[in-house]
Amino acid sequence: MPAAPAGGRRQWAADRALRPPMRSPGRPEPSRAVQRDFWRQIASGVTTVEAAEAVGVSGPVGIRWFRHAGGMPPISMAEPTGRYLSFAEREEIALLRAQGGGVREIARRIGRDPATISRELRRNAATRCGKPEYRALVAQWKAQQAAKRPKTAKLVSNDRLREYVRDRLAGTVRRPDGTIVTGPPTPAWKGLNKPHRQDRRWATAWSPEQISHRLRVDFPDDESMRISHEAIYQSLFIEGRGALKRELVACLRTGRALRVPRARSRNKPHGHVTADVVLSQRPAEAEDRAVPGHWEGDLIIGTGRSAIGTLVERSSRSTLLVHLPRLEGWGENPPVKNGPSLGGYGAIAMNTALMTSMLKLPAQLRKTITWDRGKELSAHAQFALDTGTKVFFADPHSPWQRPTNENTNGLLRQYFPKGTDLSRWTSEDLEAVALAINNRPRKVLGWRTPAEIFEDQLHSPQKKGVATTG
C-alpha cells in the first residue's frame, strides 16, 4: 500500500486499505441499475436496440452487452438492499455538493448518516482534474468495482467435473465396438447459429439438463460432482467464464450462439398481421359453423420449395386445393435477395392462385378465411379488396384454432407425402384428389359427404347466409 501524502489524514490509509489502484475508467459504463433494467426489457421480448433505447444507452452498446453475455444476464437481477447508496442518491449527493452543501446537510437531505456521506466523498471522488471532485457516474463505477467479489466458476476449479461435462456434451460418436465415427466435415465455428441446411458436427450431444441429472446417478456419494444445468449454459454462453469453449454451443440441439429470451421467441415479427385481422376479430357466426362461407387455409410443403394450398369450409368440411406452380426461371436464375419467390407461393403468386380458386364460388360462400401466420398471405389486404373475402390470422403456434384445416392436411398427406416434390402435380390432379376427399362420408356430418352438404348449401333457397344459384 502506498504511503500517505504529507499532511494527509490518517483516514487516507484506511480508505484505501486492501484496495488496489483503479484504472482510469474513461467514460464509465452505465450503472448496474441501468443494466438490470436493460435485461428486464430483454426478458419482456423487445429487441436489443429497443431495450437499449428504453434504458438510455445507444443501440451498439446494447448489442454489445447482449452478444458478450450470450443473451443471458451476466449480473444478479436482485435489487441491492437499502444498506448501499443507490445511483439516484449519488446524483443527489453530487448536486448538493456542487451547490456548496456540507456533509451533515447532505446527510440530512438524503436521510443518511454523516459518516456515510463523508466516506463516500473521500473514497469515490473523481481525481482526474487534479483535485477531488465528486461525480455521480464515476462514484457509481468506483463503488461497483470495489464491490466485485469474483467467484471462480465450478467448472474452472474442478477438472474432473469439467471433463465429464465436456465429454457428455462434445464427446465423439462411437460404434458398438468403440471405434470413433468422425461424421461429416464441418466449417470452423464463426460465432453464428447452426448453419442452415448444412452438415453439423457429430457429438455425444447430451443436453445440460441430462448432464446435470446424470451426475447424481453416476456419482451418488460425491457431492463435488454436482452442477446445475443453468451453470453449464452460463459457461457456454457468457463470454469470459472460461470453463467451456464458446464453440461447443454447436453441440447443443438448437446450435444457437446466443440464448433467445423466451418472450422474444414468442414474439416473432409478423408485420402483415395487424390488430384488425387477428382471430378475435373474426365474426362470431364463424365460430359455431352454423353459417357456411367461412374457410380455413394453409399450405402443405414439399421438397424444393414446392407447395399446395388447402382451403376447407368450416360448415360442410368441403376442400379446395390451390395449384401453386413454380414460376418462370425456377432452377435457372440464381435467387435474388428480397426478389420474387419463384417457388410458387410468394405473396403475389399466392394471391393470384387463391383468388382464382375463391372467385369460382358465389359471394355468399366466401365470407372469411382463417390462415396461419405465414408470410405467403402478407398481401392479404389486396386479396380482400379483390375478392370481398376477409382474411383473419390465427394466434402464433396455435394450430387448434384451425382444426378442420389441420385434420384435412393430415388426410391429404396420404396423397402428397412429406419429402416429395409437390410441383409435379397439375391443377387437374389436385382437383381429382379434392373430389376424392369431398366424396368420403364423414362421421361428424352424420355419414354424409362434404360434397353433399356443399351441394345443399348451394341450392338452399333464401337460407340466411347461404348462396343461391338462381
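Refer to the preceding data block for the structure.
Now for a quick tour of the structure.

### Thoughts on the overall build of the protein
The secondary structure content of the protein amounts to 18 helices and seven strands. The buried share of the protein, reckoned over its 470 residues, is 38%. Looking at the protein alone, contacts between residues at least 24 apart form 61% of all its contacts between residues at least 6 apart. By element, 53% of the accessible surface of the protein is carried by carbon and sulfur atoms, the whole surface being about 27500 Å².

### A closer look at the packing of helix H10 (residues 159–170) against helix H11 (residues 208–218)
Two elements in contact, H10 and H11, have axes separated by 11 Å at closest approach and are oriented at 120°. As summarised for this structure, H10 and H11 are arranged oblique, according to the angle between their axes. In terms of crossing hand, the pair formed by H10 and H11 is right-handed. In this structure, H10 contributes Leu 161, Tyr 164, Val 165, Arg 168 and Leu 169 to the contact, and H11 contributes Ile 211, Arg 214, Leu 215 and Asp 218. Taken together, the residues that form the contact of H10 with H11 break down as six nonpolar, no polar and three charged.

### Some thoughts on unusual backbone geometry
Of note in the backbone geometry, Arg 305 takes a positive phi value of approximately 55° without being a glycine. By secondary structure assignment, the location of Arg 305 is in the loop between strand S3 (294–301) and strand S4 (307–313). Look at Arg 305 and you get partly exposed, because its relative accessible area is 45%. In this structure, Trp 447 is a non-glycine residue whose phi angle is positive, near 65°. By the element assignment, Trp 447 lies in the loop between helix H17 (427–438) and helix H18 (450–459).

### Description of the pattern of salt bridges
Taken as a whole and judged by the stated rule, the model has 21 salt bridges. Between Arg 168 and Asp 167 there is a salt bridge; the shortest N-O distance is 3.4 Å. Under the relative-accessibility criterion, Arg 168 is labelled partly exposed at 23%. For Asp 167, a relative accessible area of 34% corresponds to the partly exposed category. Salt bridges sharing common partners tie together Arg 36, Asp 37, Arg 40 and Glu 79.

### Section: the sheet that holds strand S6 (residues 368–371)
Across a sheet, strands are paired by hydrogen bonds formed along the backbone, either parallel or antiparallel in direction. On the basis of which strands lie adjacent, the open sheet formed by five strands has the order S5-S4-S3-S6-S7 and mixed pairing. In this open sheet, the two strands that pair with only one neighbour each are strand S5 (319–322) and strand S7 (390–393). Geometrically, the sheet is characterised by an average inter-axis angle of 25° between neighbouring strands, direction not taken into account. Pairing analysis gives three bridges linking S3 to S6, with the strands arranged parallel. Its bridge partner lying in S6, Glu 296 is registered against Thr 370. On the sheet, helix H14 (residues 347–358) packs against S3, S4, S5 and S6 and is oriented at approximately 145° with respect to S5. Packing of H17 onto the sheet brings it into contact with S4 and S5, and relative to S5 it is tilted by some 165°.

### Examining the packing of helix H2 (residues 32–43) against helix H3 (residues 48–55)
Here H2 crosses H3 at 140°, and the two axes come no closer than 9 Å. For the pair H2 and H3, the crossing hand works out as right-handed. Contacts between H2 and H3 pair Val 34, Asp 37, Phe 38, Gln 41 and Ile 42 from the former with Thr 48, Ala 51, Ala 52, Ala 54 and Val 55 from the latter. Across the contact of H2 with H3, the residue classes tally to seven nonpolar, two polar and one charged.

### Quick word on the packing of aromatic side chains
In the structure shown here, the tally under the stated rule is six aromatic pairs. Here Trp 39 and Phe 66 contribute two aromatic rings whose centre-to-centre distance is 6.1 Å and whose plane-to-plane angle is 25°, an arrangement assigned as stacked. In this pair, Trp 39 sits in helix H2 while Phe 66 sits in helix H4 (residues 59–68), placing the two residues 27 residues apart along the sequence. A single burial state applies to Trp 39 and to Phe 66, both of which are buried. Aromatic side chains Trp 295 and Phe 454 sit 6.4 Å apart centroid to centroid with 70° between the ring planes, which places their arrangement in the edge-to-face category. With Trp 295 in strand S3 and Phe 454 in helix H18, the pair connects residues that are 159 residues apart, well separated along the chain. Classification of Trp 295 by relative accessible area gives buried; the value is 0%. An aromatic cluster is defined as three or more aromatic residues linked by ring pairs; in this entry it consists of Phe 38, Trp 39, Trp 65 and Phe 66. Cation over ring: Arg 168 sits above Tyr 164, and NZ or CZ is 3.9 Å from the ring centre. Taking NZ or CZ as reference, Arg 259 lies 4.8 Å from the ring centre of Tyr 233, over its face.

### Quick word on the pairing of S7
Sheet topology note: the S6/S7 ladder contains four bridges and is parallel. Considered in S7, the bridge of Thr 368 is made with Lys 390.

### Structural notes on the side chain of Thr 310
Examined against the element boundaries, Thr 310 turns out to sit in strand S4. Every residue in contact with Thr 310, bar those within four places of it in the chain, is listed here: Glu 296, Gly 297, Asp 298, Ile 300, Leu 320, Leu 321, Trp 371, Asn 405, Asn 409 and Leu 412.

Rules of the game
- Residues numbered from 1 in each chain as written.
- Predicted model: local features only at pLDDT ≥ 70, side-chain atom pairs only at ≥ 80, totals over all residues.
- Heavy atoms only, no water.
- Helix = DSSP H or I, 4+ residues; strand = E, 2+ residues; numbered from the N terminus.
- Buried < 20%, exposed > 50% of the residue type's maximum accessible area, 1.4 Å probe, protein only.
- Contact = heavy atoms within 4.5 Å.
- Areas by Shrake-Rupley, 256 points an atom, 1.4 Å probe, with all protein chains shown as cover.
- Axes fitted to C-alpha atoms, helices over the stretch in contact; angles between N-to-C directions.
- Parallel < 35°, antiparallel > 145°, perpendicular 65-115°, else oblique.
- Left-handed = near helix turned anticlockwise from the far one by under 90°.
- Nonpolar A, V, L, I, M, F, W, Y, C, P; charged D, E, K, R; others polar.
- Salt bridge = Lys/Arg side-chain N within 4 Å of Asp/Glu carboxyl O.
- Pairing = 2+ DSSP bridges.
- Phe/Tyr/Trp six-rings, centres within 6.5 Å; stacked < 30°, edge-to-face > 60°.
- Lys NZ or Arg CZ within 6 Å of the ring centre and 35° of its normal.

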